[in-house]
Amino acid sequence: RNIKDIKILLLALLSFACAYRLSYYGAELKPYSMDVLAIAVHALYLDYQRRFTQDRPTNVLWVGAVLLPVTLFFSYAVIFLCWIAGVNFIFLARNNPKLRFITLVHLLSLMICFIIFYQIDLKHSFSDQGLHHYWQSYFVQTDSSLNFFDSLFEGIKRMVTYWYGTEKWHYRMAVPFIPFFLYALFRYGITYIREDGFKIFRLESLMLVLFGELFVLGIGKVYPFTGERITLFLAPFVFYLILKGMDDLGKIKYGGGRLRTILLTYYGVYCFMCLMNTMTVYVGLYK
C-alpha cells in the first residue's frame, strides 16, 4: 500500500514467484509454507485493525479477534506475533471504548489457545536437545566480539539472500540487496512505530519486531536468528523491504532516479535468472 509505483509492485510479485525456496516448500506442502500463510493472515489482520481508532468493531474484526489465536495450532511462527493484535487492541481501546469488550474477548481467546498449545506441544519442544544442537550454528554467538559480529552479519546475509536459489551465484548476486533491506527495515520500521503510537500495524514495523525478536532469541540460544527454512515466513517481508529501499533512491536529487532504474532493472533480471534456474531444476526432476 505504501508503494505506489506499479513497476515496484510487479517486481514484488515477481520476487515471490521466482523465489526457489517459496515454490519448493509450497509445492511439497511443507509446514514452512504454512508459516508463510499464517504470518500473512496476521499481517492482513493488523493492517485491517488500523482502521478502528474511533469506529465500532465489524464482523471481520470480531471473527479475527476470536479465531486469530487459533493459528498457533498450525504454525510455530505465530508465537512471534500472536501477542501483537492484543497489544494493539489495548492501545486502541484506551481511546475507543467501543473496542473494550472485543479486546477482552481476544485476550481471553489468546490465553486459552496459548495454554492449550503450550501443554500439548511447546513445553515438550523446549526439551528437544537434538534440535537445539542442530541449529547451534544459526544462533548469534556471544563468546567474543568477533564471533558476535561474524554470526550477526552472516545471519543477516542469510536472511536476505537465502530465498532465491541454491547455487553460490544466487547468494553472491543477492548480496547488494542487503543495505537496501537494512535501510528500509530501520528507517521505516522505527518511523511507522512512532507514527502509529507504538502500535504495530504495517509490514515495516512488523518486520522490525520480528527481526528484534529473532535477534534476542538468537543471542539467548533459544531460536535461530535466521534458520533458513524455519524462517521462510520472513521472505515476503525481505522482498518488500529490498524494493522499498531501492525505490527510495528516486528521492536523491542528483542521479537518484537513474540509479533507481539501474538497480531495479538488475533486481528484475536477477529474479528472471532465478526463475529460469528454478524451472531447470524442476524439469530435471522428471528426467
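Cut-offs and rules
Residues numbered from 1 in each chain as written. Predicted model: local features only at pLDDT ≥ 70, side-chain atom pairs only at ≥ 80, totals over all residues. Heavy atoms only, no water. Core = buried A, V, L, I, M, F, W, Y, C linked by side-chain atoms within 4.5 Å. Buried < 20%, exposed > 50% of the residue type's maximum accessible area, 1.4 Å probe, protein only. Contact = heavy atoms within 4.5 Å. Helix = DSSP H or I, 4+ residues; strand = E, 2+ residues; numbered from the N terminus. Expected span 1.5 Å × (residues − 1). Phe/Tyr/Trp six-rings, centres within 6.5 Å; stacked < 30°, edge-to-face > 60°. Axes fitted to C-alpha atoms, helices over the stretch in contact; angles between N-to-C directions. Parallel < 35°, antiparallel > 145°, perpendicular 65-115°, else oblique. Left-handed = near helix turned anticlockwise from the far one by under 90°. Patch = residues over 30% accessible without salt bridge, like charges linked within 9 Å, V, L, I, M, F, W, Y side chains within 5 Å. Areas by Shrake-Rupley, 256 points an atom, 1.4 Å probe, with all protein chains shown as cover. Salt bridge = Lys/Arg side-chain N within 4 Å of Asp/Glu carboxyl O.

Colleague: Any chance you could break down the nonpolar core for me, citing the residues and the numbers?
Modeller: If you look at the biggest cluster of nonpolar residues, it comprises 79 residues, and the most contacted ones within it are Tyr 164, Phe 177, Phe 181, Leu 206, Ile 242 and Tyr 267. In this structure, Phe 177 is in contact with Val 160, Tyr 164, Ile 242, Met 246, Tyr 266, Tyr 267 and Tyr 270, ignoring residues within four places of it in sequence. Counting eight residues, the second largest nonpolar core, distinct from the first, contains Ala 38, Val 78, Cys 82 and Leu 122.

Colleague: Residue-level account of helix α11 (residues 203-219), with values.
Modeller: Helix length check: α11 (17 residues) gives 24 Å between terminal C-alpha atoms against 24 Å at 1.5 Å per residue, within 8%. Burial in α11 covers these residues: Glu 204, Ser 205, Leu 206, Met 207, Leu 208, Val 209, Leu 210, Phe 211, Glu 213, Leu 214 and Gly 218. Looking at the buried positions of α11, the neighbouring elements they touch are α3 (31-49), α5 (84-95), α8 (145-161), α10 (178-195) and α12 (235-247). Lys 221, located one to two residues past α11, shows a positive phi value of around 60°.

Colleague: Please provide a residue-by-residue account of unusual backbone geometry, values included.
Modeller: Of note, the phi angle at Phe 198 is positive, near 65°, even though the residue is not glycine. Along the chain, Phe 198 turns up in the loop between α10 and α11. Although it is not a glycine, Lys 221 adopts a positive phi angle of roughly 60°. Secondary-structure assignment places Lys 221 in the loop between α11 and α12.

Colleague: Just give me the short version of the side chain of Glu 228, but keep the residues and values in it.
Modeller: Secondary-structure assignment places Glu 228 in the loop between α11 and α12. A relative accessible area of 18% means that Glu 228 is categorised as buried. Sequence-distant contacts of Glu 228, that is, excluding residues within four places in its chain, are made with Tyr 138, Arg 158, Tyr 162 and Trp 163.

Colleague: Which residues make up the packing of aromatic side chains, and what are the values?
Modeller: What the rule picks out here adds up to 27 aromatic pairs. Ring geometry for Phe 148 and Phe 215: centres 6.2 Å apart, planes at 75°, overall edge-to-face. In this pair, Phe 148 sits in helix α8 while Phe 215 sits in helix α11, placing the two residues 67 residues apart along the sequence. Taking relative accessible area as the criterion, Phe 215 reaches 22% and is therefore assigned partly exposed. On the numbers, 5.9 Å between centres and 65° between planes, the contact of Phe 177 with Tyr 266 is edge-to-face. Of this pair, Phe 177 sits in the loop between α9 (168-174) and α10 while Tyr 266 is found in helix α13 (residues 256-284), placing the two residues 89 residues apart along the sequence. The buried category is assigned to Phe 177, whose relative accessible area is 0%. An aromatic cluster of at least three residues, connected via ring pairs, comprises Phe 148, Phe 149, Phe 153, Phe 186, Phe 211, Phe 215 and Phe 225.

Colleague: Pulling in residues and values, what's your account of the environment of Ile 219?
Modeller: Along the chain, the position of Ile 219 falls in helix α11. The spatial distance from the C-alpha of Ile 219 to the C-alpha of Leu 110 is 27 Å, given a sequence separation of 109 residues. The contact partners of Ile 219, leaving out residues within four places of it in the chain, are Val 140, Thr 142 and Phe 148.

Colleague: Talk me through the packing of α8 against α11; I want residue IDs and the actual numbers.
Modeller: Where α8 contacts α11, the axes come no closer than 12 Å and their chain directions differ by 140°. Taken together, α8 and α11 sit at an angle that is classed as oblique. Between α8 and α11 lies a crossing of right-handed hand. Each of Phe 148, Leu 152, Ile 156 and Met 159 in α8 lies in contact with α11, whose residues at this interface are Met 207, Phe 211, Phe 215 and Ile 219.

Colleague: Which residues make up a nonpolar patch on the surface, and what values do they have?
Modeller: A grouping of Met 34, Leu 37, Val 41, Phe 73, Phe 74, Leu 108, Met 111, Ile 112, Ile 115, Ile 116 and Ile 120 is seen on the molecular surface, where their side chains present a nonpolar patch of about 1,000 Å² in accessible area. Elements with a minimum of two residues in the nonpolar patch: α3 and α6 (100-125). In terms of residues, the nonpolar patch owes the most to one element, α6, which gives six residues.

Colleague: Report on the side chain of Thr 278, specifying residues and quantitative values.
Modeller: Tracing the sequence through the fold places Thr 278 in helix α13. With near-sequence residues (within four places) excluded, Thr 278 lies in contact with Cys 18, Tyr 20 and Ser 23.

Colleague: Any details on the environment of Ile 178? Residues and values, ideally.
Modeller: Inspection of the secondary structure assignment puts Ile 178 in helix α10. Accessibility expressed as a relative area gives 14% for Ile 178, which makes it buried. When the C-alpha positions of Ile 178 and Phe 272 are compared, they lie 19 Å apart, and in sequence the two are 94 residues distant. Discounting chain neighbours no more than four positions away, the residues touching Ile 178 are Ile 156, Lys 157 and Val 160.

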